[in-house]
Amino acid sequence: MTTGKQPGTDGPRPSGEGPSGTGERPSASGEPSLAELERRAASRRGRPAYGHDALIVCDRLVRVFTTDGVEVQALQGLDLLVAEGELMALVGASGSGKSTLMNILAGLDVPTAGAARVAGRDLLTMDAGARLGYRRDVVGFVWQQTARNLLPYLTAAQNVTLPMQLRGGRRRAARTKAADELLSMLSLGHCRDRRPHQLSGGEQQRTAIAVALANNPSVLLADEPTGELDSHTAEQVFTAFRTANEELGTTIVIVTHDQAVADEVRRTVAIRDGRTSSEVLRRTERDAATGQESLVAREYAMLDRAGRLQLPADYTSSLGMAHRVLLELESDHIGVWPDPTADGAATEENGDGPAGTAQGT
Ligand SMILES: Nc1ncnc2c1ncn2[C@@H]1O[C@H](COP(=O)(O)OP(=O)(O)OP(=O)(O)O)[C@@H](O)[C@H]1O
Ligand SMILES: [Mg+2]
């Protein structure tokens, strides 16, 4: 079972006092003073570089397309970190920049600005040779269009051995054995000698996963891999991704519109207007009384490196927040208040509490 929760619905509540207007309020007893908080912030400045231990690092990534003199900002300073061994989903409205991001991570496109690093490779500075090696050895890719993933005149097993052959270094018998192992790991043993037109859509996509895994990449990227499939077949394809993640430890990023797929992963990141905007984390919790396990999902807003936070539109509109808000630093959270001078804003006098709180990390 999935329990949806909105940000800030069960976090500690603020003390109830309104903003002072000066930004300085005496701390309640036992709470760290402002000076103490500033000292802690200063000590954090010496910490390691952004994403130093992540496998995928996107840092303020920008991609601008120019067609006939018209500029489209597909990515507008996108930040994303993916840890090694993660299986995660990317969601977002059509045109939000998901495929643009995937093409950059796949080494097929180069960002206009920002930084992108995958398994220690800098995606902005790679030359053509390094880019080719990157696509062959470091990343595997599965496209939405089943026909784009496989060569029609080769059997499933031959499709899987082809990337191994292109890389070289392994004898034919070793390649065939490795391909057979991958196909049977994904329950495709019966498909090895069939050509793509003799496979179902789901079998084709699972074979495409085997092809993408042929050279044991660090990262497997998939852009709407279940977009052309019915829900039952999509489930089987997702199981193949999970198997690859669990058996081989491959880090996997899946772009999907399929809520069922998004619900199956521990972390779903939403992209809005070329930026990561929110994130849903899911974890299993055991009820202390009954011992029953349930999956708890919690939605977080993203805080970018400049400290920018996107407040949900329904929160801000319900409190008439626009243009500017008052912020209040507490010992364990930040209060966000409507501007009392703005027309239509909820004010202290009417007894409303803070509009939202950002918990300290
Ligand atoms: N090669 C290109 N030239 C010009 N504009 C482009 C190009 N590729 C993408 N865009 C534009 O960039 C924006 C983001 O496109 P992108 O394909 O990344 O969206 P998406 O999130 O993958 O959408 P969908 O869910 O429909 O696949 C869109 O406005 C799109 O029109
Ligand atoms: Mg797309």
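None of the values given here were measured: they were computed from a predicted structure.

## With respect to the site of ligand 1
Turning to step 1, where the next piece is worked out: Ligand 1 sits among F65, T67, V72, A74, G92, S94, G95, S96, G97, K98, S99 and T100.
Turning to step 2, where the next piece is worked out: Listed by contribution, the elements that provide at least two residues to the shell around ligand 1 are β2 (56–67), β3 (70–82) and α2 (98–105).
Turning to step 3, where the next piece is worked out: Looking at the shell around ligand 1 element by element, the count peaks at 3 residues for α2.
Turning to step 4, where the next piece is worked out: A per-class count over the shell around ligand 1 returns 3 nonpolar, 8 polar and 1 charged.

## Notes on the packing of helix α5 (residues 156–167) against helix α7 (residues 201–212)
Turning to step 1, where the next piece is worked out: Running from N to C, α5 and α7 cross one another at 25 degrees; their axes reach a closest spacing of 8 Å. Classified by the interaxial angle, the pair formed by α5 and α7 is roughly parallel. Considering how the two elements wind past one another, α5 and α7 form a crossing that is right-handed. Contacts between α5 and α7 involve A156, N159, V160 and P163 on the former and, on the latter, T207, A210 and V211.
Turning to step 2, where the next piece is worked out: For the contact of α5 with α7, a count of residues per class yields 5 nonpolar, 2 polar and no charged.

## Section: the pairing of strand β10 (residues 267–272)
Turning to step 1, where the next piece is worked out: Two elements, strand β4 (residues 87–91) and β10, share 4 bridges in a ladder whose sense is parallel. Looking at the pairing, V91 lines up with A270 of β10.
Turning to step 2, where the next piece is worked out: In the sheet, β10 pairs with strand β11 (residues 275–286) via 6 bridges, with the strands oriented antiparallel. By the bridge assignment, I271 is partnered in β11 with T276.

## Structural notes on helix α6 (residues 172–185)
Turning to step 1, where the next piece is worked out: Look at α6: 20 Å from first C-alpha to last across 14 residues, which is about the 20 Å you get at 1.5 Å a residue.
Turning to step 2, where the next piece is worked out: Contact partners of the buried residues in α6: α5 and α7.
Turning to step 3, where the next piece is worked out: Immediately beyond the C-terminal end of α6, within one or two residues, lies S187, with a positive phi of roughly 55 degrees.

## Description of the confidence of the model for the chain
Turning to step 1, where the next piece is worked out: For the chain, per-residue confidence averages 84 on the pLDDT scale, and 85% of positions sit at 70 or higher.
Turning to step 2, where the next piece is worked out: Taken together, the stretch residues 1–26 has pLDDT below 50 and engages in 40 contacts with residues farther than four places along the chain or on a different chain.
Turning to step 3, where the next piece is worked out: Confidence drops under pLDDT 50 across residues 345–361; counting only partners more than four residues distant or on other chains, this segment forms 45 contacts.

## Concerning the pairing of strand β14 (residues 333–338)
Turning to step 1, where the next piece is worked out: Of the pairings in the sheet, the one linking strand β13 (residues 325–329) to β14 comprises 5 bridges and is antiparallel in character. Across the sheet, residue L327 finds its bridge partner in β14, namely V336.
Turning to step 2, where the next piece is worked out: Counted along the chain from β13 to the antiparallel partner β14, the turn is 3 residues long.

## A look at the nonpolar core
Turning to step 1, where the next piece is worked out: In terms of nonpolar packing, the biggest core is built from 66 residues, with L105, V160, L183, I209, A210, L221 and F241 touching the most fellow members.
Turning to step 2, where the next piece is worked out: Ranked by residue count, the leading element in this core is helix α8 (residues 231–248), at 6 residues.
Turning to step 3, where the next piece is worked out: L221 has contacts with M102, L105, A106, V139, F141 and V253, leaving out every residue within four places of it along the chain.

## Looking at the sheet that holds β3
Turning to step 1, where the next piece is worked out: Read across the open sheet, the 4 strands follow the order β3-β2-β5-β6; overall the sheet is antiparallel. If you trace the sheet from one side to the other, it starts and ends with β3 and β6 (121–122), each paired once.
Turning to step 2, where the next piece is worked out: Relative to the sheet, α2 contacts β2, β3 and β5 (113–118), its axis offset from that of β3 by approximately 65 degrees.

## Here's the deal with the packing of α5 against α6
Turning to step 1, where the next piece is worked out: Look at α5 against α6: their axes get within 9 Å of each other, and the N-to-C directions meet at 125 degrees. In terms of axis orientation, α5 runs oblique to α6. Handedness of the crossing formed by α5 with α6: right-handed. Each of A156, A157, V160, T161, M164 and Q165 in α5 lies in contact with α6, whose residues at this interface are R175, T176, A178, A179, D180, L182 and L183.
Turning to step 2, where the next piece is worked out: Here the contact of α5 with α6 is composed, by residue class, of 8 nonpolar, 3 polar and 2 charged.

Scoring rules and cut-offs
Within each chain, residue numbers correspond to sequence positions counted from 1 in written order. The naming scheme follows written order: chains are lettered A onward, ligands numbered 1 onward. This being a predicted model, a pLDDT of at least 70 is required before a residue's local features are given, and a value of 80 or more before pairs of side-chain atoms are given or counted; all residues contribute to the totals for chains, interfaces and linings. Being near a molecule or strand means, for a residue, that its C-beta atom, positioned from the backbone, comes within 6 Å of it. Here a strand is any run of E in DSSP of at least two residues, a helix any run of H or I of at least four, and the numbering for each starts at the N terminus. Residue polarity follows a fixed list, in which Ala, Val, Leu, Ile, Met, Phe, Trp, Tyr, Cys and Pro are nonpolar, Asp, Glu, Lys and Arg are charged, and the others, Gly among them, are polar. Only the stretch in contact is used when a helix axis is fitted, and all axes are lines through C-alpha atoms; the angle between N-to-C directions ranges over 0 to 180 degrees. Angles are sorted into four bins: roughly parallel if under 35 degrees, roughly antiparallel if over 145, roughly perpendicular if 65 to 115, and oblique for all others. Handedness of a crossing is defined here by the sense of rotation of the near helix relative to the far one, left-handed for an anticlockwise turn of less than a right angle and right-handed for a clockwise turn. With C-beta atoms placed from the backbone, a contact is any residue pair whose C-beta atoms sit within 7 Å. DSSP bridges decide pairing: two strands pair if at least two such bridges lie between them. For a helix, the expected span equals 1.5 Å multiplied by the number of residues minus one. A residue's pLDDT is the predictor's confidence in that residue, given on a scale from 0 to 100. Linking buried Ala, Val, Leu, Ile, Met, Phe, Trp, Tyr and Cys residues through C-beta atoms within 7 Å yields a set, and such a set is a nonpolar core. Buried means a residue has 20 or more other C-beta atoms within 10 Å of its own C-beta, exposed means 12 or fewer, and partly exposed covers the counts in between; C-beta atoms are placed from the backbone.

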